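Architecture at a glance
What follows is the residue order along each chain.
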Amino acid sequence: MTSGDNAALANVAEALSKQFSLEEARCLAQILSGSFMADSISYDDLDLDPDMKDDMILLAYEKRILLPMKSRRGSAWEDRILTFEETERYHLPRVVRFLIENAKDTGEWNTEPALIKALEEAGEDQIEAIISYLNKLMKRAPKFELEVGVMQAIAAELGLEIDMHDTLDRFVRCGILSPRTQRSLHTGFSKYEMNPSLYWKSRD
């Protein structure tokens, strides 16, 4: 590992250190930095202390910053099948990839630039309005869960004219939201899970 790689790794750990213990931040930085360069990475390729490896992968999955490739039925985060086999593969949601890219350079967890890059990549043409919309959604979802009806109401409050189906599809592709399939099946209401990492802040 070069001195530049070491500096980038230290910056990612610094960016994560407000949310996690120093040891967790260091381990997660190793996982996320290792996953950053490729579309996916195998369990065997994650260079981490074996005594902590499984726990750190589980933590990264629970925080939706590293996702298993395997799924029971579709792309929803809660339907992913998490295993710790040598050949198991994981990937970063797009918005998390941009968060890590920025953190490598700055040592900060700065969500807005990452959201802008992810939305631009997905073809969004109302970036500023959508960022304001997402900020409103996050305030209404402290437990990371939103009903589509609430999302439609907030769009109306803001006077935001969007195709909700297209917007949700774009958010899912960016890794901003994921359908809550289990809750939706039980309640009959369409619900989505917001990526918890978008709520994290840089150090004060």
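For the rest of this paragraph, the subject is the confidence of the model for the chain. Of all residues in the chain, 93% have pLDDT values of 70 or greater, and the mean over the chain is 91. Per-element confidence in the chain ranges from a low mean pLDDT of 58 for helix α9 (residues 181–187) to a high of 97 for helix α5 (residues 111–121).

Next up on the list: the side chain of Glu-78. Structurally, the position occupied by Glu-78 is in the loop between β2 (67–68) and β3 (89–91). Within the structure, the side chain of Glu-78 is placed 2.6 Å from the side chain of Arg-180, a separation counted as a polar contact. Polar contacts involving the side chain of Glu-78 include one to the main-chain amide nitrogen of Thr-181, which spans 2.7 Å.

Applying the stated criterion across every chain, the model contains 10 salt bridges. In this structure, the salt-bridge partner of Asp-79 is Arg-73, at a minimum N-O distance of 3.0 Å. Judged by relative accessible area, Asp-79 falls into the buried class, the value being 2%. Residue Arg-73 is classed as exposed on the basis of its relative accessible area of 54%. Taking the shortest distance from any N to any O, the salt bridge between Arg-180 and Glu-145 comes out at 3.0 Å. One end of the pair, Arg-180, is in the loop between β5 (177–179) and α9; the other, Glu-145, is in strand β4 (residues 145–147), and 35 residues separate them in sequence. A residue is classified by how much of its surface remains accessible, and Glu-145, at 23% relative accessible area, is partly exposed. Because the salt bridges share partners, they merge into one network encompassing Glu-78, Glu-145, Arg-180 and Lys-191.

This brings us to the sheet that holds β4. Taken in spatial order, the three strands make up an open sheet running β4-β6-β5, and their pairing is antiparallel. Two strands bound the open sheet, and with one partner strand each, they are β4 and β5. Averaged over all pairs of adjacent strands, the angle between their axes in this sheet comes to 35 degrees, without regard to strand direction. Where β5 meets strand β6 (residues 191–194), three bridges bridge the pair, whose relative direction is antiparallel. Across the sheet, the residue bridging to Leu-177 is Met-194, located in β6. Of the strands in this sheet, β4, β5 and β6 are in contact with helix α7 (residues 148–157), which crosses β4 at around 75 degrees.

Conventions adopted
- Residue numbers restart at each chain and count upward from 1, following the sequence in its written direction.
- Since the coordinates come from a predicted model, pLDDT governs what is reported: local features require at least 70, and pairs of side-chain atoms require 80 or more to be given and counted, while whole-chain, interface and lining totals use all residues.
- With hydrogens and water excluded, all non-hydrogen atoms of the structure serve as input to the side-chain values.
- How sure the predictor is of each residue is captured by pLDDT, a score from 0 to 100.
- Helical segments are the DSSP runs of H or I of at least four residues, strand segments are the runs of E of at least two, and each set is numbered from the N terminus.
- For this analysis, a polar contact is any N or O atom pair within 3.5 Å, provided that within protein one partner can donate a hydrogen and the other can accept it, and provided that sequence-adjacent residues contribute only side-chain to side-chain pairs.
- Salt bridge criterion: a side-chain nitrogen from Lys or Arg within 4 Å of a carboxyl oxygen from Asp or Glu.
- Here's how the labels work: a residue is buried when its accessible area is under 20% of the maximum for its type, exposed when over 50%, partly exposed in between, all with a 1.4 Å probe on protein chains only.
- Two strands form a pair only when DSSP identifies at least two bridges running between them.
- In this description, a line fitted to the C-alpha atoms serves as the axis of each element, helices being fitted only across the stretch in contact, and the angle between N-to-C directions of two axes falls anywhere from 0 to 180 degrees.
- By definition in these notes, contact holds between two residues if any of their heavy atoms fall within 4.5 Å.

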